[in-house]
Amino acid sequence: MAEYETILVERRGRVGWITLNRPQALNALNARLASELGAAASDFDADEEIGCIVITGSERAFAAGADIKEMADKTPLEMEQGNPFAGLERLSQLRTPLVAAVAGFALGGGCELAMTCDIILAADTARFGQPEINLGVIPGLGGTQRLPRAVGAYKAADLVLTARTIDAVEAERAGLASRVVPAAELLEVAQTVADEIAAKSLPVVYAAKEALRVARESTLTEGLRFERRVFVSLFGLEDQKEGMAAFREKRAPEFHHR
Ligand code: CO8
């Protein structure tokens with residue numbers, strides 16, 4: 001496995017784990033971390049033995065945003081051409097489901113990184129927010145686009161315009177967090193959720209994730225048409241035959257991921 005400086009990478013069964021590891025900066029996302037995260041996640045995505053990826057940080061911070069010190073003196077052209085966060089944008093192209101396991105601060109780019117994932121598990125210590133406006137900028141990694149889709153226009157405007165942060169319970173109530181769990185159990189729950197996903201048929205998981213993505217990115221008519229096409233095509237898979245045979249035979253399915 002490749003050597004990284006700012007992340008820890010590990011396999012646990014069919015689950016790929018990526019732990020952000022810049023404790024001195026509360027896991028602030030610098031160009032190196034963004035590129036390493038994009039590379040490690042893409043490697044897992046290309047690996048058929050991996051059925052789910054978990055991204056997590058430390059107890060104190062999932063990620064406190066983009067690295068302000070690294071960005072502060074850049075010009076618009078440098079931000080555009082040398083996009084330091086290109087690596088993060090790769091994450092939204094992956095087929096494999098991503099689970100964010102968030103404890104502590106998930107602010108700015110950290111909140112946006114969590115929203116790039118399919119499922120957000122929040123420890124009861126998690127705090128989410130988009131405080132960029134206090135720095136004289138706006139969210140730049142999807143915060144003004146994914147947040148309103150997740151929590152609605154008015155909650156998103158409250159967070160983006162005032163910079164206030166919300167705790168895990170408010171995040172779950174708003175639809176930003178999928179579940180809230182005690183901090184001490186966060187990693188265990190993340191492994192369990194990821195194991196459950198990774199045990200399913202891989203091509204069917206890819207299809208479900210893509211259909212959910214289309215729901216966020218298209219009209220209802222287009223989305224329903226896409227869903228129908230994919231649903232029908234899944235009847236060509238061995239795993240569909242196995243899943244339905246297992247139901248009839250009253251046993252657990254044994255998927256072969258094809
Ligand atoms: N960048 C760089 N360093 C950071 C960051 C950050 N985002 N956050 C924390 N740190 C550093 C601190 O500077 C400090 O380092 P040092 O000890 O060397 O001064 C260390 O981490 C610990 O932080 P604090 O001492 O501040 O810890 P506190 O517990 O007092 O406070 C907070 C924790 C509240 C999280 C506080 O650190 C904070 O407000 N951080 C900044 C949060 C923020 O504003 N995030 C948004 C950043 S901008 C962004 O994410 C835009 C993304 C879009 C980019 C799009 C490009 C195309």
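What counts and what doesn't
- Residues numbered from 1 in each chain as written.
- Predicted model: local features only at pLDDT ≥ 70, side-chain atom pairs only at ≥ 80, totals over all residues.
- Heavy atoms only, no water.
- Axes fitted to C-alpha atoms, helices over the stretch in contact; angles between N-to-C directions.
- Helix = DSSP H or I, 4+ residues; strand = E, 2+ residues; numbered from the N terminus.
- Parallel < 35°, antiparallel > 145°, perpendicular 65-115°, else oblique.
- Left-handed = near helix turned anticlockwise from the far one by under 90°.
- Contact = heavy atoms within 4.5 Å.
- Nonpolar A, V, L, I, M, F, W, Y, C, P; charged D, E, K, R; others polar.
- Phe/Tyr/Trp six-rings, centres within 6.5 Å; stacked < 30°, edge-to-face > 60°.
- Buried < 20%, exposed > 50% of the residue type's maximum accessible area, 1.4 Å probe, protein only.
- Lys NZ or Arg CZ within 6 Å of the ring centre and 35° of its normal.
- 1 Å grid on protein atoms, 1.4 Å probe; cavity = no way out; pocket = protein on both sides within 12 Å on 5 of 7 lines; lining within 4 Å.
- Points joined across faces, edges and corners; volume = space filled by probe spheres on them.
- Domains from an automatic or database assignment.
- Buried area = accessible area lost by both parts, 1.4 Å probe.
- Salt bridge = Lys/Arg side-chain N within 4 Å of Asp/Glu carboxyl O.
- Disulfide = S-S within 2.5 Å.

### Digging into the packing of helix 6 (residues 143-151) against helix 7 (residues 153-162)
Each pair of packed helices gets described by two things: the angle between the helix axes and the distance between those axes. The interhelical angle for the contact between helix 6 and helix 7, taken along N-to-C directions, is 135°, at an axis separation of 7 Å. With respect to helix 7, the element helix 6 is oriented oblique. For the pair helix 6 and helix 7, the crossing hand works out as right-handed. From helix 6, Thr144, Leu147, Pro148 and Val151 reach across to helix 7, where they touch Ala153, Lys155, Ala156, Leu159 and Val160. Here the contact of helix 6 with helix 7 is composed, by residue class, of 7 nonpolar, 1 polar and 1 charged.

### Some details on the packing of aromatic side chains
Tallied over the entire structure, the rule returns 1 aromatic pair. Note on Phe231 and Phe235: the rings are 5.4 Å apart at their centroids and 65° apart in plane angle, and the pair reads as edge-to-face. Its relative accessible area of 48% is what places Phe231 among the partly exposed residues. Look at Phe235 and you get partly exposed, because its relative accessible area is 36%. Sitting over the face of the ring of Trp17, Arg12 holds its NZ or CZ atom 4.1 Å from the ring centroid.

### Overview of the layout of surface pockets
If a probe as big as a water molecule is rolled over the atoms, it shows which places are left empty. Estimated volume of the largest pocket: approximately 820 Å³. Lining the largest pocket we find 32 residues, and of these Met115, Thr116, Cys117, Asp118 and Arg216 sit closest to its centre. Ranked by residues supplied to the lining of the largest pocket, first place goes to helix 10 (residues 202-217) with 8 residues. Among the residues forming the lining of the largest pocket, the class breakdown is 16 nonpolar, 8 polar and 8 charged. Both of domain 1 (7-198) and domain 2 (201-249) provide at least three residues apiece to the lining of the largest pocket. Computed from the structure, the second largest pocket encloses a volume of approximately 670 Å³. Surrounding the second largest pocket, 27 residues form its lining, Ala66, Met71, Met79, Val137 and Ile138 being those nearest its centre. For the lining of the second largest pocket, the elements supplying multiple residues, two or more each, are helix 2 (68-71), helix 3 (76-81) and helix 5 (109-116). When residues of the lining of the second largest pocket are assigned to their parent elements, the largest contribution, 3 residues, is made by helix 3.

### A short note on the domain arrangement of the protein chain
Domain boundaries in the protein chain define domain 1 (7-198) and domain 2 (201-249). Its C-alpha centre places domain 1 at a distance of 27 Å from the equivalent point of domain 2. Between domain 1 and domain 2, the residue contacts involve 15 residues of the former and 6 residues of the latter. Interface area, domain 1 with domain 2, both sides summed: about 830 Å², of which 48% is carbon and sulfur. Per-residue buried area on domain 1 facing domain 2 is highest for Arg95, Asp118 and Arg149; these three make up 42% of the total on that side. Inspection of the region where domain 1 meets domain 2 yields 1 salt bridge.

### Side note on the state of the cysteines
On inspection of all chains with the given rule, the structure shows 0 disulfides. Here Cys117 stays free of any disulfide, with the sulfur of Cys52 as its closest cysteine sulfur at 9.5 Å. Assessed through its relative accessible area of 8%, Cys117 is described here as buried.

### Some remarks on the environment of Pro203
Tracing the backbone through its elements, the reader meets Pro203 in helix 10. Given the relative accessible area of 22%, Pro203 is considered partly exposed. The spacing of Pro203 and Gly51 is 152 residues in sequence and 9.7 Å in space, taken between C-alpha atoms. Leaving out residues up to four positions away in the same chain, Pro203 has contacts with Leu237, Asp239, His257 and Arg258.

### Some thoughts on the pattern of salt bridges
One pass over the full model with this rule turns up 12 salt bridges. Ionic pairing is found between Asp47 and Arg11, a salt bridge with its closest N-O pair at 2.4 Å. Within this pair, whereas Asp47 is found in the loop between helix 1 (31-45) and strand 3 (52-56), its partner Arg11 is found in strand 1 (residues 7-12), the two being separated by 36 residues in sequence. One salt bridge in this structure joins Arg22 and Asp67, with 2.9 Å as the shortest N-O distance. Of this pair, Arg22 sits in the loop between strand 2 (15-20) and helix 1 while Asp67 sits in the loop between strand 4 (61-63) and helix 2, placing them 45 residues apart in sequence. Residue Arg22 shares its accessibility class with Asp67, and that shared class is buried. Through salt bridges that share partners, Lys155, Asp158, Arg164 and Glu170 make up one connected network.

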